[in-house]
Amino acid sequence: QVDRYLYHMRLSDDVLLDVMARFQAEMVKGLGRDTNPTATVKMLPSFVRSLPDGSEKGDFLAVDLGGSQFRAHQVKVFDDGKQSSQLESKFYPTPKEVIQGNGAELFDYVAECLLDFMETKNLKHKKLPLGFTFSFPCKQTKLEEGVLLAWTKHFKVRGVQDTDVVSALRKALQKHKASFDIDIDVLALVNDTVGTMMTCGYDDQRCEVGLIIGTGTNACYMEEMRHIDLVEGDEGRMCINTEWGAFGDDGALDDLRTEFDRELDLGSLNPGKQLFEKMISSLYLGELVRLILLKMTKEGLLFNGKVSTALLTKGKIEIKHVSAMEKYKEGLSNTKEILTELNLFPSEEDCIAVQHVCTIVSFRSANLCAATLAAILTRLRENKKLLRMRTTVGIDGGLYKTHPQYAKRLHKVVRRLVPNCDVRFLLSVSGSGKGAAMVTAVAYRLAAQRKQIDAALAPFLLSLETLREVKNKMRTELEYGLKRETQASATVKMLPTYVCGTPDGTEKGKFLALDLGGTNFRVLLVKIRSGRRRSVQMYNKIFAIPLEIMQGTGEELFDHIVQCIADFLEYMGIKGARLPLGFTFSFPCRQASIDKGTLVGWTKGFKATDCEGEDVVDMLREAIRRRNEFDLDIVAVVNDTVGTMMTCGYEDPNCEIGLIAGTGSNVCYMEDMKNIEIVEGNEGKMCINTEWGGFGDNGCIDNIRTQYDKEVDEGSLNPGKQRYEKMTSGMYLGEIVRQILIDLTKQGLLFRGQISESLRKRGIFETKFLSQIESDRLALLQVRRILQQLGLDSTCEDSIIVKEVCGAVSKRAAQLCGAGLAAIVEKKRENRGVEHLQITVGVDGTLYKLHPHFSRVLRETVKELAPQCDVTFMLSEDGSGKGAALITAVAKRLHNVGQK
């Protein structure tokens, strides 16, 4: 009979899955910038970004307003490795005249209760941070403010809506400050659901959902920042207070609401609002039961149709009655007793029927709650891209705690609706009080950590002034390198390359190019056509250089090279022709002419004997003679920066600078012969290979070198050398990052203070990881994955910090590189004697090409420091191969002109 009568209140799993889908759609609406204003589920950002990590400590106050009583708490958090905390509380009544009066009175009351509490606990004369739990929907733009959107539950205070409740509380406390000698700092405004999540999060790090089922109902959870349109930034997570009590206020649940729900709503303090909450929370369940019993009695289905005055009185049946009637064993006798008190004279059948009504009403509440919670759990699982998820839900609220069957039913339905989530339900102890203190403690910890991280990264932030200084110092060093009397002691060597022209488009013919500069060696055949059908065709073959040859004798190395050339000529079928050859040799060389290059010293792992101080062109000619199979015309020995400039110069005659920003860092540019004192002659131009990596080796930029730069330098293969390169090139940036991470970990700011084995290893942090970590498209989840590959088990917060460290290091590298380049373009402008210079820089190198921000920051810095120069950056295609052939072609052309 009751079942038939309350047919609409019994919800099948299909209906619940449908409610779950509807709520998922509402969440998306609430998170979207354009849809939020009209969304009923407000999805309010709480500005709580971090869960407790166990390192919180200190004394905190908390006040809690919004439940059936007002509470003041003192929370001590101990950093003793056991994650223990101590809570002392005092309860105060919330008189009706206060919670339905005006705002000033309400906050005065709160302040007075807090003062009373501090007196009893002897807490005056201390400066204490306070967390304010305020269990009503608030719009926050930061952690320590909140504008009340609407009163809910049994509160209705005038003059508070649309104002900031934190400043109201601060004002009330300020009044008493002088007379009572108290100093309270309101650090955080927290919703009780968030407090619940934080309290449970302190005991179980997996907790990322908070749920309240009591006087009101609500839930919060940790959402990915990239999905929260209402808050700037995409990094990390933030707790969202869903305010799900308002679900259905737009009619989305009208098909599920019964006539009793409508009647209850009309008689409430806020008709038409919080319709979902009115089907769930303890404030309303007793009233629903009363309305159902009243109607059934009027229709003669109960109590012989006799209605008592009590049954006609609003609020006569409360949740405590419903709970008592549903008790397992004594439920029936309780029912009889309660009904008798209401002046109804129940038969045995009446008692069974009433008990059944209570069950249907409270079961519906648990069902609906399970459906919306299932929606949140599904969203979390999808955000993490997991097939199965383990998580914890922190729960608080009188209905959940005191009703005999509620918790069991809720758990069972949730597990049925989301079988792929393994959920632990954790009962929160004093959630809204301890939780507010936890939020405050975490905010306190994060603020302290922020200061330390800022301090560590401060030396990497270079002001415009500092960058100007670097530019001017670079300019001075460039001049030293060009002057005869200072060249020997100069740190920026300014090596002449004897390349005296850039391509003019008339180059043509077949050329060979060799490229030696790393563990591979390339031989290329380059066919250049001139005229209208200008083109460059290339054929190449790559040969490995075994370690024993890299570190054997010079003779073995060059015999190996000639062997490779022979293979290639055979392979291309051109062994008979005496072709002009350009040799890209990416090691520092002193040149006396374009086809003479004396090796200054090996770098990059090469150690072949009897080469340093020798002419590499002679050694190559000797090896060809030894083999006696073919002859080549070795026209030019070339540095890779020069090749880069030439390749771009072929496309754009305005290109007179070559930049490499990759494993190493270097620049070359066309200098006026009259400025190059170490080479005879004053006519025309010559390309200068600056070898600028040595800038600062004389200590001139020590003021910007950090402790981390010094550590990287001391641990490198060439301590004290190439200092500028060590701050700007790909080979070292990852190592700088690793040194900073070690330092931050030692300070307890990262990886829970544990330096893992892998973090101790030099060179694990390759520069490609920097590029990946800083990519804007990468979610933090992927940053965590990269760190895991490196054996670093990171939290979300760790990942944000690592990303920030990488950003600081690579930004500084790009700015320093830009400052150096600005010195060069300014020099070019003065050489030409023009007000405004238009020039192209040919660029190559993985750092420039692959890093997500390096090239942009570099360009911006040059623009800022050399405003009178309009610099175009052009990516070079194969500078060391094609470039070498072009240099050979230009040298041939100039040679032929010279002969005529």
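(A) Spotlight on the overall build of the protein. Each helix and strand counted, the protein has 31 helices and 26 strands in total. In terms of overall size, the protein is more extended than a compact globule, its C-alpha atoms giving a radius of gyration of 38 Å where 900 residues would be expected to give roughly 29 Å. Overall, the C-alpha framework of the protein stretches about 125 × 65 × 50 Å when taken along its three principal axes. Here the protein holds 900 residues, and 58% of them are scored as buried. At a minimum sequence separation of 6, the contacts of the protein that also span at least 24 residues come to 71%. Accessible surface for the protein amounts to roughly 37,200 Å². Of this, 50% is attributable to carbon and sulfur atoms.

(B) Layout of the pattern of salt bridges. What the rule picks out here adds up to 64 salt bridges. Between Arg705 and Asp713 there is a salt bridge, with its nearest N and O atoms 3.6 Å apart. Exposure class is identical for Arg705 and Asp713. Each is buried. Bridged by salt links that share partners, the residues Arg475, Glu479, Lys483, Glu671, Lys827 and Glu830 form one connected network.

(C) Main features of the sheet that holds strand E10 (residues 217-224). Ordered in space as E1-E11-E10-E9-E12-E13, the 6 strands form an open sheet in which the pairing is mixed. Looking at which strands have only one partner, the edges of the open sheet turn out to be strand E1 (44-45) and strand E13 (421-427). In this sheet, strand E12 (residues 389-396) lies alongside strand E9 (residues 207-213) in parallel orientation, the contact comprising 5 bridges. Paired with Gly210 across the two strands is Gly394, which belongs to E12. In the packing of helix H13 (residues 348-383) onto the sheet, contacts are made with E9, E10, strand E11 (237-241), E12 and E13, and the angle to E10 comes to roughly 5°.

(D) Examining the pairing of strand E22 (residues 655-661) more closely. In terms of residue burial, E22 counts as a mostly covered element, since 7 of its 7 residues are buried. With 5 bridges connecting them, E22 and strand E25 (residues 837-844) associate as parallel partners. Counted as the bridge partner of Ile660 is Asp844 from E25. Between E22 and strand E23 (residues 665-672), which pair antiparallel one after the other, the connecting turn spans 3 residues.

(E) Focus on the pairing of E23. In terms of burial, E23 is a largely internal element, 8 of the 8 residues being buried. On E23, burial covers both faces: Ser665, Val667, Tyr669 and Glu671 on one face and Asn666, Cys668, Met670 and Asp672 on the other are all buried. Strand direction decides the pairing type here: E22 and E23, joined by 5 bridges, are antiparallel. Bridge pairing in E23 places Ile657 opposite Tyr669.

(F) Local environment of the packing of helix H25 (residues 730-746) against helix H28 (residues 796-832). In the contact formed by H25 and H28, the axes pass within 10 Å of each other and the chain directions differ by 140°. Comparing their axes, H28 and H25 come out oblique. As for the relative orientation of H25 and H28, their crossing is right-handed in sense. Seen from H25, the contacting residues are Leu733, Ile736, Val737, Ile740, Leu741 and Leu744; seen from H28, they are Ile801, Val802, Val805, Cys806, Val809, Ser810, Arg812 and Ala813.

(G) Inspection of the nonpolar core at higher detail. If you look at the biggest cluster of nonpolar residues, it comprises 112 residues, and the most contacted ones within it are Leu211, Leu377 and Leu410. Ranked by residues supplied to this core, first place goes to H13 with 18 residues. Beyond its immediate sequence surroundings of up to four residues, Leu377 is in contact with Val209, Met389, Thr391, Val393, Val414, Val418, Cys421 and Val423. Residues Ile676, Leu750, Ile824 and Leu865 belong to the second largest nonpolar core, which totals 85 residues.

(H) Main features of the packing of aromatic side chains. Applying the stated criterion across every chain, the model contains 22 aromatic pairs. Geometrically, the ring pair formed by Phe70 and Tyr92 is tilted, given 6.1 Å between the ring centres and 45° between the ring planes. Taken together, the residues span a long stretch of sequence, with Phe70 in strand E3 (residues 70-77) and Tyr92 in strand E4 (residues 85-92) at a distance of 22 residues. When the centroid spacing of 6.5 Å and the interplanar angle of 55° are considered together, the rings of Phe70 and Tyr109 count as tilted. With Phe70 in strand E3 and Tyr109 in helix H4 (residues 103-120), this residue pair connects regions lying 39 residues apart in the sequence. Each of the two residues, Phe70 as well as Tyr109, counts as buried. An aromatic cluster is present here, built from Phe132, Phe134, Phe136, Trp151 and Phe155 joined pairwise through their rings. If you follow Lys153 out to its NZ or CZ, it ends over the ring of Phe136, 4.8 Å from the centre.

(I) Highlighting the sheet that holds E3. Pairing in this open sheet of 5 strands is mixed, and the strands run E4-E3-E2-E5-E8 from one edge to the other. The strands lining the two open edges of the sheet, one partner per strand, are E4 and strand E8 (183-190). Along the sheet, successive strands turn relative to each other by an average axial angle of 25°, direction set aside. Of the strands in this sheet, strand E2 (58-65), E3, E4, strand E5 (127-134) and E8 touch H4, which is tilted by about 130° from E4. Contacts from helix H6 (residues 192-203) reach E3, E4, E5 and E8 within the one sheet, and its direction differs from that of E8 by about 95°.

(J) Region of the structure containing helix H21 (residues 616-627). Counted at 1.5 Å a residue, the expected span for H21 with its 12 residues is 16 Å, and the 17 Å between its end C-alpha atoms agrees. Burial in H21 covers these residues: Val616, Val617, Met619, Leu620, Ala623 and Ile624. The arc enclosing the buried residues of H21, seen along the axis, measures out at 165°, which places them on a common side. For H21, the secondary structure elements touched by its buried residues are strand E15 (509-516), helix H20 (554-572), strand E18 (580-585), strand E20 (596-599) and strand E21 (633-638). Structurally, the start of H21 carries an N-cap: the backbone nitrogen of Val617 is 2.9 Å from a side-chain oxygen of Asp615. Note on H21: the residue one or two positions beyond its end, Asn628, has a positive phi of about 55°.

(K) Examining unusual backbone geometry more closely. The phi dihedral of Met43 falls on the positive side, at around 50°, and the residue is not glycine. Following the sequence through the fold, Met43 ends up in the loop between helix H2 (13-31) and E1. The phi angle at Phe303 is positive, at roughly 45°, despite the residue not being glycine.

(L) Seen up close, the environment of Val871. On the secondary structure map, Val871 appears in strand E26 (residues 869-875). Residue classification places Val871 among the buried residues on the basis of a relative accessible area of 18%. In this structure Val871 touches Val825, Ile839, Val841 and Val862, once residues within four positions along its chain are discounted.

(M) Summary view of the side chain of Thr199. Mapped onto the elements, Thr199 comes out in helix H6. A distance of 2.8 Å separates the side chain of Thr199 from the backbone oxygen of Gly195, its partner in a polar contact.

(N) Spotlight on the state of the cysteines. One pass over the full model with this rule turns up 0 disulfides. Cysteine Cys200 shares no disulfide, and the gap to the nearest cysteine sulfur, in Cys207, comes to 5.0 Å. Looking at Cys200, the relative accessible area reads 1%, which means it is buried.

(O) Representation of helix H15 (residues 406-417) in the model. When the terminal C-alpha atoms of H15 are compared, their 17 Å separation across 12 residues agrees well with the 16 Å that a helix rising 1.5 Å per residue should span. Turning to H15, its buried residues are Tyr406, Ala407, Arg409, Leu410, His411, Val413, Val414 and Leu417.

(P) Here's a closer look at the environment of Ile561. Along the polypeptide, Ile561 turns up in helix H20. Sequence-distant contacts of Ile561, that is, excluding residues within four places in its chain, are made with Leu514, Leu516, Phe521 and Leu620.

(Q) Examining the packing of helix H12 (residues 331-341) against H13 more closely. Running from amino to carboxyl end, H12 crosses H13 at an angle of 105°, the nearest separation of the two axes being 9 Å. Between H12 and H13, the angle is such that the two are roughly perpendicular. Residues Gly331, Leu332, Thr335, Lys336 and Leu339 of H12 form the contact with H13, whose participating residues are Glu348, Cys351, Ile352, Val354 and Gln355. Among the residues forming the contact of H12 with H13, the class breakdown is 5 nonpolar, 3 polar and 2 charged.

Conventions adopted
Residues numbered from 1 in each chain as written. Predicted model: local features only at pLDDT ≥ 70, side-chain atom pairs only at ≥ 80, totals over all residues. Heavy atoms only, no water. Helix = DSSP H or I, 4+ residues; strand = E, 2+ residues; numbered from the N terminus. Rg over C-alpha atoms; globule rule 2.2 N^0.38 Å. Buried < 20%, exposed > 50% of the residue type's maximum accessible area, 1.4 Å probe, protein only. Contact = heavy atoms within 4.5 Å. Areas by Shrake-Rupley, 256 points an atom, 1.4 Å probe, with all protein chains shown as cover. Salt bridge = Lys/Arg side-chain N within 4 Å of Asp/Glu carboxyl O. Pairing = 2+ DSSP bridges. Axes fitted to C-alpha atoms, helices over the stretch in contact; angles between N-to-C directions. Parallel < 35°, antiparallel > 145°, perpendicular 65-115°, else oblique. Left-handed = near helix turned anticlockwise from the far one by under 90°. Core = buried A, V, L, I, M, F, W, Y, C linked by side-chain atoms within 4.5 Å. Phe/Tyr/Trp six-rings, centres within 6.5 Å; stacked < 30°, edge-to-face > 60°. Lys NZ or Arg CZ within 6 Å of the ring centre and 35° of its normal. Expected span 1.5 Å × (residues − 1). Arc of directions from axis to C-beta. Polar contact = N/O pair within 3.5 Å; in protein donor to acceptor, adjacent residues only side chain to side chain. Disulfide = S-S within 2.5 Å. Nonpolar A, V, L, I, M, F, W, Y, C, P; charged D, E, K, R; others polar.

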